[in-house]
Amino acid sequence: MPQPDTTAAPTDSSTYREYILDVRIVERTTGDGDTRYRFEAPDHQGVEFADPEMATLYADVYFDVNGFQEAGTGDRGVPPTVIQAGRDTLVAYFLTQDGVDVHWAASFYGEKPEKIERYVSRVRKRSEKIREGAKAQGHA
């Protein structure tokens, strides 16, 4: 599972990617010299990733399901909105979790890695369309 912000204090940070509706990914260097990517959104506890691709995929899942709360999911599992969104969104969410990669997901679902990559591509495309539509309606 992506980690809440419990690592060493940041020594340097900047916005890695900014989205609509005050959602962003912040890149920061910790006191240990590690680079972390923190997903931040209103009413979301925020999570950090070591890999910027996973942070942006997490953001895409967030937009694909119109936001979700992950607080407490350690106790209850995957956020219900993610589960209800369908297989491609669930697969993309799983890929943002520690220890899960395309091959694990392919094995878990009994699919080929290429199909898992297609699922991810669909989520990314949908979330981009959602953001574009929201911008067109004046949401910044």
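Residues numbered from 1 in each chain as written. Predicted model: local features only at pLDDT ≥ 70, side-chain atom pairs only at ≥ 80, totals over all residues. Heavy atoms only, no water.

A. Region of interest: the overall build of the protein. Assigned secondary structure in the protein consists of six helices and four strands. When the helices and strands of the protein are listed from N to C terminus, the series reads β-β-β-β-α-α-α-α-α-α. Contacts in the protein between residues at least 24 apart in sequence constitute 40% of all its contacts with a sequence separation of at least 6. With an accessible surface of roughly 7600 Å², the protein has 47% of that area assigned to carbon and sulfur atoms. (Helix = DSSP H or I, 4+ residues; strand = E, 2+ residues; numbered from the N terminus. Contact = heavy atoms within 4.5 Å. Areas by Shrake-Rupley, 256 points an atom, 1.4 Å probe, with all protein chains shown as cover.)

B. Spotlight on the layout of surface pockets. The space that makes up the largest pocket amounts to roughly 160 Å³. Taken together, I20, L21, V23, Y62, F63, N66, G67, I130, A134 and H139 form the lining of the largest pocket. Mapped onto the lining of the largest pocket, the elements with two or more residues apiece are α1 (52-64) and α6 (113-136). Grouping the amino acids of the lining of the largest pocket by side-chain chemistry returns seven nonpolar, three polar and no charged. (1 Å grid on protein atoms, 1.4 Å probe; cavity = no way out; pocket = protein on both sides within 12 Å on 5 of 7 lines; lining within 4 Å. Points joined across faces, edges and corners; volume = space filled by probe spheres on them. Nonpolar A, V, L, I, M, F, W, Y, C, P; charged D, E, K, R; others polar.)

C. Seen up close, helix α4 (residues 87-95). Of all nine residues making up α4, eight are buried, and the element is well covered by its neighbours. What α4 keeps buried is the set D88, T89, L90, V91, A92, Y93, F94 and L95. (Buried < 20%, exposed > 50% of the residue type's maximum accessible area, 1.4 Å probe, protein only.)

D. Geometry of the packing of α4 against helix α5 (residues 102-109). Where α4 meets α5, the axes come as close as 9 Å, and the angle between the chain directions of the two elements is 140 degrees. On the basis of their axis angle, the class for α4 and α5 is oblique. Crossing of α4 against α5: the hand is right-handed. Every residue of α5 that contacts α4 at R87, L90, V91, F94 and L95 is listed here: V102, W104, A105, F108 and Y109. Its residues assigned to classes, the contact of α4 with α5 comprises nine nonpolar, no polar and one charged. (Axes fitted to C-alpha atoms, helices over the stretch in contact; angles between N-to-C directions. Parallel < 35°, antiparallel > 145°, perpendicular 65-115°, else oblique. Left-handed = near helix turned anticlockwise from the far one by under 90°.)

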